Amino acid sequence: MKPTGPLAGIRILEVGTMLAGPYAAMLLADFGADVVKIEPPGGEISRAVGDSYFASLNRNKSSICLDLNSEAGQRRLGELAAESHALLVNLKPSAIRRLGLTYEALRRWNERIVCVAITGFGLCGGDDPAFDYVIQAASGTAALTGEPDGPPILPGYSSADNSTGMCAALGLLAAIISGRGGQVDVPLFDVMLSQLNYHAAAYLNDGAEPQRRPHGAHSYYVPAQLFPTAEGYLALFVTHDGFWKSFADEAGINGFVTMAERASRRDEVIATVTSVLAADTATGWERRLRPLGVPAAAVRTLSQALRENPESIIRAGDFRLVGNPVQLSGYRPQYRPAPQLR
């Protein structure tokens, strides 16, 4: 089936492993890019993780097996590069260079090709181990997560890999639009520092050390955190004074009318809100607060969220998956299954 969509006509080569690279390329394939996944003999390593894992990161692609360590594989890589707009890879810097997956190596085949490298610390940053959890630890993300008197915590999903994949897709498109070709370097470490934007700014400009707060409380907004209720936990995110007034009126709370006052009297506000929320369940508060425009949600499991939002689920071949999160007016992706190993 010929791809359709806003990126139809764009060919992208992917030498991706596991998550960050394949996720970036999949998002682009969903929008119609012709993504050719270059796999080593025996297949990309994530095929061994499980069929549903591979399907979740590789729909809408075609696949070709090449031994990039061989002369024939390198020759075929060059031929493909000559006909492509971009190449996206996530490997160690030494492997990227050894396999000829940089702009300097491929420009003789195509001066306008865009080469995107996802690495741990940059193409010139060395080969130190750089898997998702390692980057979360190294960048300060893990240290900010968890209860103040508990250990650092990793979120239950690959936040560094997924965030870097999105940034890589953005960088690839920006470079293609420039029309010049060249190298795009997207380090996981740099992406995660960027994700800590306002925390980093507070430290760099005001000397404020980021700190963990109970129940994941926000550094600036009060109340904005998880609260226990009569049953379950409620995420309440009150930013401006209008939200507070609506919530306080519904909850029967007096005072704390300004953002500055709530921030300066944080402990009092949290204690008051905690006491009030104990009178109803998390879903009960959600039903009461959402019609008032107050940002609030009961904490759900993934299975509950999927059951309640079936429109987010698509089918690609035999697999049910979560669809592309970006909705473009007038375009609905056609989801094809992940390629078989040939």
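All figures in this text were calculated on a predicted structure; none of them were measured in a lab.

(A) Quick look at helix α2 (residues 51-58). Regarding α2, the residues found buried are F54, A55, L57 and N58. Where the residues of α2 are buried, they touch β1 (11-15), α1 (20-30), β2 (34-39), β3 (61-65) and β11 (319-322). After α2 finishes, the residue N60 shows a positive phi value of roughly 65°.

(B) Structural context of the nonpolar core. Of all hydrophobic cores here, the largest spans 30 residues; its most connected members are I12, V116 and L172. The set of elements that each furnish at least two residues to this core consists of α1, β4 (86-90), β5 (114-119), α7 (159-178), β6 (182-187) and α8 (188-195). Looking at which element gives the most residues to this core, the answer is α7, with six residues. Those residues in contact with L172 that sit more than four places away from it in its chain are I12, L28, A86, L88, V114 and V116. Grouped together as the second largest cluster of nonpolar side chains are 22 residues, V238, F256, A282 and L289 included.

(C) Spatial organisation of the sheet that holds β4. Pairing is parallel in the open sheet, where six strands are placed in the order β3-β2-β1-β4-β5-β6. A single partner strand is all that each edge strand has here, and the edge strands are β3 and β6. For this sheet the average axis-to-axis angle between neighbouring strands, irrespective of direction, equals 20°. Relative to β3, β2 is paired through five bridges, and the arrangement is parallel. Bridge pairing in β3 links K37 to S63. α1 contacts β1, β2, β3, β4 and β5 of the sheet and is inclined by roughly 150° relative to β4. Lying on the sheet, α8 is in contact with β5 and β6; it crosses β6 at an angle near 60°.

(D) Layout of the pattern of salt bridges. For the coordinates displayed, the defined rule picks out 19 salt bridges. The salt bridge partner of K37 is E14, with a shortest N-O separation of 2.6 Å. Residue K37 is found in strand β2, and its partner E14 is found in strand β1; the two are separated by 23 residues along the sequence. Of the charged contacts in the structure, one is a salt bridge between R107 and E111, with a shortest N-O distance of 3.4 Å. Relative accessible area serves as the criterion here: at 44%, E111 is assigned to the partly exposed category. Residues participating in the shared-partner salt-bridge network are E14, K37, E44 and K61.

(E) The packing of aromatic side chains, seen in detail. Enumeration according to the criterion identifies seven aromatic pairs in this entry. Seen in terms of ring centroids, F31 and Y331 are 6.2 Å apart; in terms of plane orientation they differ by 50°. Their pairing is tilted. Separated by 300 residues along the polypeptide, F31 in the loop between α1 and β2 and Y331 in the segment after β11 bring together distant segments of the chain. Per residue, the accessibility class of F31 equals that of Y331, and both read buried. Centroid distance Y198 to Y220: 5.9 Å. Interplanar angle 55°. Geometry classified as tilted. Of the two residues, Y198 sits in helix α9 (residues 197-206) while Y220 sits in the loop between α9 and β7 (224-228), which places them 22 residues apart along the sequence. Taking relative accessible area as the criterion, Y220 reaches 41% and is therefore assigned partly exposed. Counting every residue linked through ring pairs, the aromatic cluster contains W244, F247, F256 and W285. In this arrangement the basic side chain of R288 is found over the ring face of W285, its NZ or CZ atom lying 3.9 Å from the centre.

(F) Fine view of the environment of Q195. Mapped onto the elements, Q195 comes out in helix α8. For the pair formed by Q195 and C65, sequence separation is 130 residues and the distance between their alpha carbons is 35 Å. Polar contacts involving the side chain of Q195 include one to the side chain of S163, which spans 3.3 Å.

(G) Spatial organisation of the pairing of β7. As paired strands, β7 and strand β8 (residues 233-237) are joined by five bridges and run antiparallel to one another. Its bridge partner lying in β8, F227 is registered against L234. Between β7 and β8, which follow one another and run antiparallel, lie four residues, and G232 among them has a positive phi close to 85°.

(H) Looking closely at the sheet that holds strand β9 (residues 296-298). Pairing is antiparallel across the open sheet formed by three strands, whose spatial order is β7-β8-β9. Strands with a single pairing partner mark the edges of an open sheet, and in this sheet they are β7 and β9. On average, adjacent strands in this sheet sit at an angle of 20° to one another, irrespective of strand direction. In this sheet, β9 lies alongside β8 in antiparallel orientation, the contact comprising three bridges. Within the sheet, the bridge partner assigned to A235 lies in β9 and is A297. Its contacts with the sheet put helix α12 (residues 266-277) on β7 and β8, and the angle it makes with β7 is roughly 40°.

Conventions and cut-offs
Residues numbered from 1 in each chain as written. Predicted model: local features only at pLDDT ≥ 70, side-chain atom pairs only at ≥ 80, totals over all residues. Heavy atoms only, no water. Buried < 20%, exposed > 50% of the residue type's maximum accessible area, 1.4 Å probe, protein only. Helix = DSSP H or I, 4+ residues; strand = E, 2+ residues; numbered from the N terminus. Contact = heavy atoms within 4.5 Å. Core = buried A, V, L, I, M, F, W, Y, C linked by side-chain atoms within 4.5 Å. Pairing = 2+ DSSP bridges. Axes fitted to C-alpha atoms, helices over the stretch in contact; angles between N-to-C directions. Salt bridge = Lys/Arg side-chain N within 4 Å of Asp/Glu carboxyl O. Phe/Tyr/Trp six-rings, centres within 6.5 Å; stacked < 30°, edge-to-face > 60°. Lys NZ or Arg CZ within 6 Å of the ring centre and 35° of its normal. Polar contact = N/O pair within 3.5 Å; in protein donor to acceptor, adjacent residues only side chain to side chain.

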